[in-house]
There are 2 protein chains.
Amino acid sequence: MRATFMYGAGDVRVETVPDPVIQQPTDAIVRTVRSCICGSDLHPFHSAPASEVGRPVGHELIAVVEEVGAAVTTVRPGDFVVVPFAYQDNSCVFCREGMQTACIHGGFYGTAEVGGLQAELARIPLADGSLVRVPDLDPASADGGLLASLLTLSDVYLTGHHAAFMGRVEPGKTVTVIGDGAVGLSAVLASRQLGAERIILMGRHRVRTDLGVEFGATDVVAERGGEGITRVLDLTDGEGSHVVLEAVGHLPAYEQAYGVVRPGGIISRVGVPQYEEAPIGFGSLFGKNARLAGGPAPVRAYLEAAIPQVLSGAIEPGRVFDRTVALDDVPTGYAEMDARTALKVMVTV
Amino acid sequence: MRATFMYGAGDVRVETVPDPVIQQPTDAIVRTVRSCICGSDLHPFHSAPASEVGRPVGHELIAVVEEVGAAVTTVRPGDFVVVPFAYQDNSCVFCREGMQTACIHGGFYGTAEVGGLQAELARIPLADGSLVRVPDLDPASADGGLLASLLTLSDVYLTGHHAAFMGRVEPGKTVTVIGDGAVGLSAVLASRQLGAERIILMGRHRVRTDLGVEFGATDVVAERGGEGITRVLDLTDGEGSHVVLEAVGHLPAYEQAYGVVRPGGIISRVGVPQYEEAPIGFGSLFGKNARLAGGPAPVRAYLEAAIPQVLSGAIEPGRVFDRTVALDDVPTGYAEMDARTALKVMVTV
């Protein structure tokens, strides 16, 4: 099969490798319908050291089941499925608490053992916990927009939803979303779904913030840093935002977050932090009782509720895709997302 | 009157100064019944630079109202009151949201303008928002233990309660309390009140942890650092604690907190952080979706519910006091708390 590997910063290659095979009775093999490139893939695309050995990449996928191991009971060959970006048994103590990304037996795609999902085929460990069937839909004849929206349930939309959920977005709340990438726009859409009264989107790419407005943003702030903080405080009568959803992952975005959060408010981060240490003392979080939440989204926890929302057309999160490439052109997709000429790139096979 | 001033690390003096007077129609003047020394007073006692001008200190008080300004309507001379450690109007937008320590018009005691509360008399700004009457009790004839417990509602017990409240302690939860000082022990008692199933107290001072057990701790862990983390993980089947209440304020205590918190769990801090930057990235909070909460306790928000709990004898948080000094002996009280020969020192006049 063809599959994508990263050899270092800026060096993405699509190569022919052996097809994956069932290794454990709980495995499934799935064939890609659509995959895509994640904003988080851009972090190693910027900074990964050059290596002789390529690291398999990709973790977002909708697919058709090809083959299942002897122990798999909930999906069978021919089923059309959404693949959450982490695999999990969906039954351990942390999964039962809705923290599937901390599953005791789970893990992440993109390792030598498990492989990546920007590929023609993939081995899915713990298939019963890691695949969710889309009922009554034939991907071969399905509408392209619908497939795009289903694909976002593998990661990006439900990561935005996780941000909003952990931020306790609810009716009456003012929400500030930092970042107009695909996760930020998803966080806008999810906040609207959860009933936010006001949604301030901080971003400077007009095409993206325009989509943000269509998704439900009520205000757009293009300024950054201290100037951006002042603008958000002005928009909120000097009080600050009840909830801040940080969808970037760089330290300046976090600094903006504690600058605009209201006393007692919540900062919810889903941009993978590209820092370890950051201010949390009296002058940033503690003094105003600001709370901090967020982490890798337990997509699996939210999938059953989200699939019907997409199938009914209630939400169209797939609108974040503005570019589609064939698998062999994935390197071009990385370059376009990196150059910000594409917002989010879908991959066909 | 006599009042307490700090001139630098280790240099606390009780001096005679002019009596405070009504400055604003919203002020009240109160006469001390009991005051006390706070663990947070020990931070400047360790590190404040020497100064020619003493800073007034003390922020915990039960008192009798002497005089009120023309605009004060809720208390009158003779009323016995609890004084929250911050003053507030209790009516601004943040007060209405239960974040009185962020009151737009409020502030903290211990400034040249407002004075400290380790004194015979005190000026209370915004008296309607900042004084809560204790009904039907004459402090002159009240039981000493009852007065001690009422005094803890000014700060220490309700700071422990705030930690537990922001940590969302509830029945079924495992709570780890870091620190066996008066706030940590208060957090144990508050967690028990909120129905915690299991309360692990991390502390190494036997007399204090014994009181913690009487307050409701089910386990005591004397080890610190990596060894302490291992012990707590062992006690929780390797899963970690749903809630961690950090009642110290030093970085190693915070590091212990993210070491023992469970995926998706909450760290709630009430020890005033003696650091600004700390780990919050993938390896500490983000990777396991751990949440961070806490800050200066909005004692005012909790007072009306807590006073009847003390008056009925349902809780006896005043047991944290193990030493009483007269106002002129406050410097000795600081030295004893600093040397850990006293857990918490009450001050009479």
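Residues numbered from 1 in each chain as written. Chains lettered and ligands numbered in written order. Predicted model: local features only at pLDDT ≥ 70, side-chain atom pairs only at ≥ 80, totals over all residues. Heavy atoms only, no water.

Per an unreviewed UniProt entry, the recorded name for chain A is Alcohol dehydrogenase catalytic domain-containing protein, and the organism is Protaetiibacter mangrovi. The annotation that UniProt attaches to chain A under Cofactor (unreviewed entry) is "Zn(2+)". (UniProt positions renumbered as here; feature names shortened; annotations may be inferred.)

Before we go on, may I ask you to explain the pattern of salt bridges in this structure?
In the structure shown here, the tally under the stated rule is 28 salt bridges over all chains. Put simply, Glu214(A) and Arg319(A) hold a salt bridge, and the shortest N to O gap is 2.5 Å. Remark: Arg319(A) occurs in the loop between α10 (299-311) and β18 (323-326) and Glu214(A) occurs in helix α7 (residues 206-215); sequence separation between them is 105 residues. Among the residues examined, Glu214(A) registers a relative accessible area of 54% and is labelled exposed. For Arg319(A), a relative accessible area of 36% translates into the label partly exposed. The closest approach of N and O atoms between Asp11(B) and Arg13(B), which form a salt bridge, is 2.9 Å. Through salt bridges with shared partners, a single ionic network connects Glu97(A), Glu239(B) and Arg262(B). (Salt bridge = Lys/Arg side-chain N within 4 Å of Asp/Glu carboxyl O. Helix = DSSP H or I, 4+ residues; strand = E, 2+ residues; numbered from the N terminus. Buried < 20%, exposed > 50% of the residue type's maximum accessible area, 1.4 Å probe, protein only.)

So what exactly am I meant to see when it comes to α10(A) here?
For the α-helix, the turn length of 3.6 residues means that residues three or four positions removed from each other point alike. Residue and element names in this part refer to chain A. Across its 13 residues, α10 extends 17 Å between first and last C-alpha, which sits within 8% of the 18 Å expected from 1.5 Å per residue. At alanine 305, α10 shows its maximal bend, which comes to roughly 45°, and the proline proline 308 appears one to four places after that position. Among the residues of α10, Val299, Arg300, Tyr302, Leu303, Ala306, Ile307 and Val310 are the ones counted as buried. Elements in contact with the buried residues of α10: β6 (80-83), α3 (127-130), β10 (132-133), α4 (144-152) and α5 (156-166). Of the residues trailing α10, glycine 313 is marked for its positive phi of about 80°. (Expected span 1.5 Å × (residues − 1). Bend = angle between axes of the 7 residues up to and from the residue. Contact = heavy atoms within 4.5 Å.)

Whenever I open this one, the packing of aromatic side chains confuses me. Can you help?
Both the distance between ring centres and the angle between the ring planes are used here to describe each pair of aromatic rings. The final tally for this structure, using the stated rule, is 14 aromatic pairs over all chains. Centroid distance Tyr87(B) to Tyr109(B): 5.5 Å. Interplanar angle 65°. Geometry classified as edge-to-face. In this pair, Tyr87(B) sits in strand β7 (residues 86-87) while Tyr109(B) sits in the loop between β8 (107-108) and β9 (121-124), placing the two residues 22 residues apart along the sequence. When its relative accessible area of 12% is taken as the criterion, Tyr87(B) is described as buried. Joined through ring pairs, the aromatic side chains of Tyr254(A), Tyr258(A) and Tyr275(A) make up one cluster. Its guanidinium or amino end placed over the ring of Tyr7(A), Arg13(A) lies 3.6 Å from that ring's centre, counting from NZ or CZ. (Phe/Tyr/Trp six-rings, centres within 6.5 Å; stacked < 30°, edge-to-face > 60°. Lys NZ or Arg CZ within 6 Å of the ring centre and 35° of its normal.)

Which parts of the structure should I look at to understand the packing of helix α6 (residues 182-193) of chain B against helix α7 (residues 206-215) of chain B?
The axes of two packed helices give the description: the angle between them and the distance between them. Residues and elements named next belong to chain B. Remark: α6 packs on α7, axes separated minimally by 8 Å, with the N-to-C direction vectors making an angle of 15°. Judged by the angle between their axes, α6 and α7 are roughly parallel. Crossing hand, α6 versus α7: right-handed. Contacts from Leu185, Val188, Leu189 and Arg192 in α6 reach Arg208, Leu211, Gly212 and Phe215 in α7. (Axes fitted to C-alpha atoms, helices over the stretch in contact; angles between N-to-C directions. Parallel < 35°, antiparallel > 145°, perpendicular 65-115°, else oblique. Left-handed = near helix turned anticlockwise from the far one by under 90°.)

Honestly, the interface of chain A and chain B in this entry has me stumped. Any pointers?
Interface size is often expressed as the accessible area that is lost when the parts come together. In this assembly, 41 residues from chain A lie in contact with 41 residues from chain B. In total, about 3,500 Å² of surface goes out of reach between chain A and chain B, with carbon and sulfur atoms giving 60% of it. Three residues stand out in chain A for area buried against chain B, namely Ile280(A), Phe286(A) and Asn289(A), and they jointly supply 21% of the buried area on that side. For the pair chain A and chain B, the interface holds 2 salt bridges. Between Arg262(B) and Glu97(A) there is a salt bridge whose closest N-O contact spans 2.7 Å. Connecting chain A to chain B are 22 residue pairs in polar contact (both at pLDDT 80 or more). (Buried area = accessible area lost by both parts, 1.4 Å probe. Polar contact = N/O pair within 3.5 Å; in protein donor to acceptor, adjacent residues only side chain to side chain.)

Would you mind going over the pairing of strand β1 (residues 2-8) of chain A with me for this structure?
If a strand is regular, its side chains alternate between the two faces of the sheet. Residue and element names in this part refer to chain A. The element β1 is largely enclosed, with a buried count of 6 among its 7 residues. Between β1 and strand β2 (residues 11-16), which pair antiparallel one after the other, the connecting turn spans 2 residues, and glycine 10 there sits at a positive phi close to 75°. Where β1 meets strand β4 (residues 55-56), 2 bridges bridge the pair, whose relative direction is antiparallel. Residue pairing in the sheet places methionine 6 in a bridge with arginine 55 of β4. (Pairing = 2+ DSSP bridges.)

What am I meant to see in unusual backbone geometry here?
For residues besides glycine, phi is generally negative; the peptide bonds are generally trans as well. Unusually for a residue other than glycine, Asn90(A) sits at a positive phi of about 60°. The class of Asn90(A) is partly exposed, set by a relative accessible area of 26%.

How should the UniProt feature "domain: Alcohol dehydrogenase-like N-terminal" (unreviewed entry) in chain A be read in this particular structure?
Following the UniProt record, the feature "domain: Alcohol dehydrogenase-like N-terminal" (unreviewed entry) maps to residues 25-135 of chain A here. Helix and strand shares over residues 25-135 of chain A are 13% and 30% respectively, and the end C-alpha atoms of the span are 24 Å apart.

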